Amino acid sequence: MPRAAPGPRTVHGCLCKYLMVVVSLILLGSFLQERLEEQLMYSLLVEEKKKILWQLNQQQISSEIKNHLQAFKDMQKTSPGLQSAKYKLLAGAPPHKKKLLTVGISSALHPHESHLLDALRALFQASSGPELGCVVVLVSLSDSDPERLSQTVANISDLFQTHIEARQLLVVRGQLGGPPPLGTLRPEDLPSSCEALYSVQKADHALLMNFAANLSEYFLMLDDQVRCMPRFISTIYWTLSAWKELPWVTLEFSSLSFAGKVFRSSDLPRLASFLLVFPKDTPMHVLLSEFPPLLAQSTPIRFGSSVFYHVGNRSGLESACFPADKEKVFGEPDNPTASVRTDMVMLSDNIPQYAYTLNKESFATLNPVRGNYLTVILEEPQKVTRVEVLTGSDKEGKHQLRRGQVELGFGPLEDLQGCARYTLLGPVVEGRLDQMVSYEEDSLEALGCIRLLVLEAQESWLLIRQIKVWTTEYDEEEEG
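Residues numbered from 1 in each chain as written. Predicted model: local features only at pLDDT ≥ 70, side-chain atom pairs only at ≥ 80, totals over all residues. Heavy atoms only, no water.

On to the overall build of the protein chain, then. A count of helical and extended segments in the protein chain gives twelve helices and 18 strands. Evaluated residue by residue, the protein chain yields a buried proportion of 45% over its 480 residues. Once local pairs closer than 6 in sequence are excluded, the contacts in the protein chain between residues at least 24 apart make up 80%. Summed over all atoms, the accessible surface of the protein chain reaches about 26400 Å², with 54% contributed by carbon and sulfur. (Helix = DSSP H or I, 4+ residues; strand = E, 2+ residues; numbered from the N terminus. Buried < 20%, exposed > 50% of the residue type's maximum accessible area, 1.4 Å probe, protein only. Contact = heavy atoms within 4.5 Å. Areas by Shrake-Rupley, 256 points an atom, 1.4 Å probe, with all protein chains shown as cover.)

By the element assignment, Lys99 lies in strand 2 (residues 99-108). A polar side-chain atom of Lys99 sits 3.0 Å from the main-chain carbonyl oxygen of Gly133. (Polar contact = N/O pair within 3.5 Å; in protein donor to acceptor, adjacent residues only side chain to side chain.)

The angle between the axes and the distance between the axes are what describe a pair of packed helices. Interhelical geometry of helix 9 (residues 268-276) versus helix 10 (residues 284-294) gives an angle of 130° and a closest axis separation of 10 Å. Considering their axes alone, helix 9 and helix 10 lie oblique with respect to each other. Crossing angle aside, the handedness with which helix 9 passes helix 10 is right-handed. Where helix 9 abuts helix 10, its residues Arg270, Leu271, Phe274 and Leu275 lie against Met284, Leu287, Leu288, Glu290, Phe291 and Leu294. Residue classes in the contact of helix 9 with helix 10 are distributed as eight nonpolar, no polar and two charged. (Axes fitted to C-alpha atoms, helices over the stretch in contact; angles between N-to-C directions. Parallel < 35°, antiparallel > 145°, perpendicular 65-115°, else oblique. Left-handed = near helix turned anticlockwise from the far one by under 90°. Nonpolar A, V, L, I, M, F, W, Y, C, P; charged D, E, K, R; others polar.)

A word on helix 9. For helix 9, the tally of buried residues reaches nine of nine residues, placing the bulk of the element in the interior. For helix 9, the set of buried residues is Leu268, Pro269, Arg270, Leu271, Ala272, Ser273, Phe274, Leu275 and Leu276.

This part takes up the nonpolar core. In this structure, Leu120, Phe232 and Phe308 are the most contacted members of the largest nonpolar core, which totals 43 residues. At the level of secondary structure, the elements contributing two or more residues to this core comprise strand 2, helix 3 (116-125), strand 3 (135-142), helix 5 (146-159), strand 4 (169-175), strand 5 (216-222), strand 6 (226-228) and helix 8 (232-243). Looking at which element gives the most residues to this core, the answer is helix 8, with five residues. (Core = buried A, V, L, I, M, F, W, Y, C linked by side-chain atoms within 4.5 Å.)

This next bit is on the confidence of the model for the protein chain. On average, residues of the protein chain score 81 in pLDDT, and 75% of them are at 70 or above. In this model residues 1-5 is a low-confidence stretch, pLDDT under 50, and it forms zero contacts with partners more than four residues away in sequence or in other chains. Across residues 8-19, confidence stays below pLDDT 50; counting only partners more than four residues off in sequence or on other chains, it has one contact. (pLDDT = per-residue confidence, 0-100.)

Before going further, it helps to spend a moment on the sheet that holds strand 3. Here eight strands make up an open sheet; going across it, the order is 1-4-3-2-5-8-7-9 and the pairing mixed. Looking at strand neighbours, the two that pair on one side only are strand 1 (86-91) and strand 9 (301-302), the edges of this open sheet. Summarising the sheet, strand 7 (residues 250-252) and strand 9 pair through two bridges and their orientation is parallel. Bridging from a neighbouring strand, Glu252 pairs with Arg302 of strand 9. Of the strands in this sheet, strand 1, strand 3 and strand 4 touch helix 5, which is tilted by about 50° from strand 1. (Pairing = 2+ DSSP bridges.)

The residue Arg270 is located in helix 9 in this model. The class of Arg270 is buried, set by a relative accessible area of 15%. Each C-alpha atom, one on Arg270 and one on Phe291, is 9.7 Å from the other, the two residues being 21 residues apart in sequence.

Summarising the element assignment, Thr342 is placed in strand 11 (residues 338-342). The spacing of Thr342 and Thr375 is 33 residues in sequence and 6.2 Å in space, taken between C-alpha atoms. For Thr342, the contacting residues outside a window of four places in its chain are Pro352, Phe363, Tyr373 and Leu374. One polar contact links the side chain of Thr342 to the main-chain amide nitrogen of Met344, over a distance of 3.1 Å. A distance of 2.6 Å separates a polar side-chain atom of Thr342 from the backbone oxygen of Tyr373.

Counted under the stated rule, the structure contains one disulfide. Each sulfur in the disulfide pair Cys419 and Cys449 lies 2.1 Å from the other. Given an S-S torsion of about 90°, the disulfide between Cys419 and Cys449 has right-handed geometry. Remark: Cys449 occurs in strand 17 (residues 447-454) and Cys419 occurs in strand 15 (residues 419-427); sequence separation between them is 30 residues. Taken as a pair, Cys419 and Cys449 share a single burial class, namely buried. (Disulfide = S-S within 2.5 Å.)

For Met346, the position within the fold is in the loop between strand 11 and strand 12 (363-366). The exposure class of Met346 is partly exposed, given its relative accessible area of 48%. Considered as a pair, Met346 and Thr365 are 19 residues apart in the sequence and their alpha carbons are 6.1 Å apart. With sequence-adjacent residues up to four places away left out, Met346 is seen in contact with Pro352 and Phe363.

Moving on: helix 3. Within helix 3, the full set of buried residues consists of Leu116, Ala119, Leu120, Leu123 and Phe124. One side of helix 3 carries all its buried residues, which in axial view fall inside an arc of 125°. (Arc of directions from axis to C-beta.)

See the structure below:
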C-alpha cells in the first residue's frame, strides 16, 4: 500500500528536531572554541611564565657568576701560607731586570732516578744565545733527603755554571709558612696515595709560581719529563707579541695535562692561591683548566703544533693518579666542500678557491688594505677541530700577511656570502696560524665559515698559500 504523506505536525516535529541539533552543534562549537581559546591562552600564559622564570633564573645565574667572579678577583692575592713562605737560594741569583719569560720547573727528586739534569741540558741545547737572553730558567727543588738534595745542586752547578753566572738559571727551595692551606695535607690526615701526590704537586707549584711572580712578564710551566722543540723560545716570543693586545689567560703550546702552558706573571699570585684553596683530593690539572673561565676565557687557546713533548715513564702510582700525557694525533686535513669569497684584488686566472685546495696552488693578491677578507664558506656546517692558515712563500717566507687574524663564523647566510656572526680564533703569527678549535661546553652549534681578515695595509704581494681544516663527525640532531 502507498505510504501516507506526512502531516503538518510531523513536518513541524522534524524541523524542531533539526533546529535543536543545529543549535546544539553551534553551542557545542562555540563551547569548544571558547575552551580552545582558553587552552591556548593558558598555554601562552604557561609559556610566558616559563619564559619569565627562565629570564629570572638566567639573571640569578648571571648574578651568581658575577658574584663568584668578583669574589675570586677580590681574593687575597697571596694566601697566608705563601705570604710567609720561606725560600733558600741553592744556585744562581735573580736577573738584574725583568725578563720576558720565566721557564718554571718544579722537580721532586726521586730516590732511584732523576730526569732534571737531562731536561735542563735539552732546554739549553734547544735555545740560542739571543733567545736565552730574554728568559730565566727557575728550578724549584723539593726533597726531604738533604744529602740527595745537596748532590743534585752540586751537579747542576757543575754542568750549567755558564748559565748560572749569566743569571739565566736559578735554583731555589721553598717551604710554605703558617698553618697548612686547605689544599695541602695536615699531620692528622690519613690521605689516599693519590691525595698525597696531589697535595705535594699543588704546594710545589704554588711555591714555584709565587717566587716567579716578579721575575718576568710571562711564565711558562714545564716539568722535568718534558722536552722542548728547537727554537721554542722564539715560537713563544712571536706568539706573545701577536697576542699582546688580545684578552687571554692561558696559552697552551702543547696538549700535555699542564706542561707547556703560559700565563701572565701578574696572574701568578692569584693562581698560586687558587691551587691551595681547594680540597687536597682535587688534582692540579683540573684546577688549571678551571682557572681561565674565572677570568673570562671561556674556551682553551691551544695551538695545533706542539713545541713540547713528554718523555720517560711515570711510576706505577703516578700513572694511576695522573692522566696519561699523549699528543693528539690529527692525521691529514680533510677540507670539507666549501666556496671561497674575497674582496681582495684578483689577478688573471688566480682565483681565491686556490687557497683552499689541498695542493700546491695558492692565491696571490696585491696591496691588501685593512678590512680585506678571504672567507671559506662551508657547504654544510661542520664540527671543526683544527685550522691552519699559511701565508707567504714556503722557503723564503716572503709575501706573508704581516698583520691579520682568523675568525670563526656561525649562522651561514642564505646568499652564501658569509656568516651572521664571527668570533676570534687567533692572530696570524709570522704569516701563519695553527690552532685547535674549542667549543663552549654547552654549545652545539657547528661552524659555517672561516675568515682571514687583514688588519693592516701592506704595499706588496700577499700570498695565501693554503688553508687547512680538520673536522670530526657532527651529529645534526644535537643541534636541534
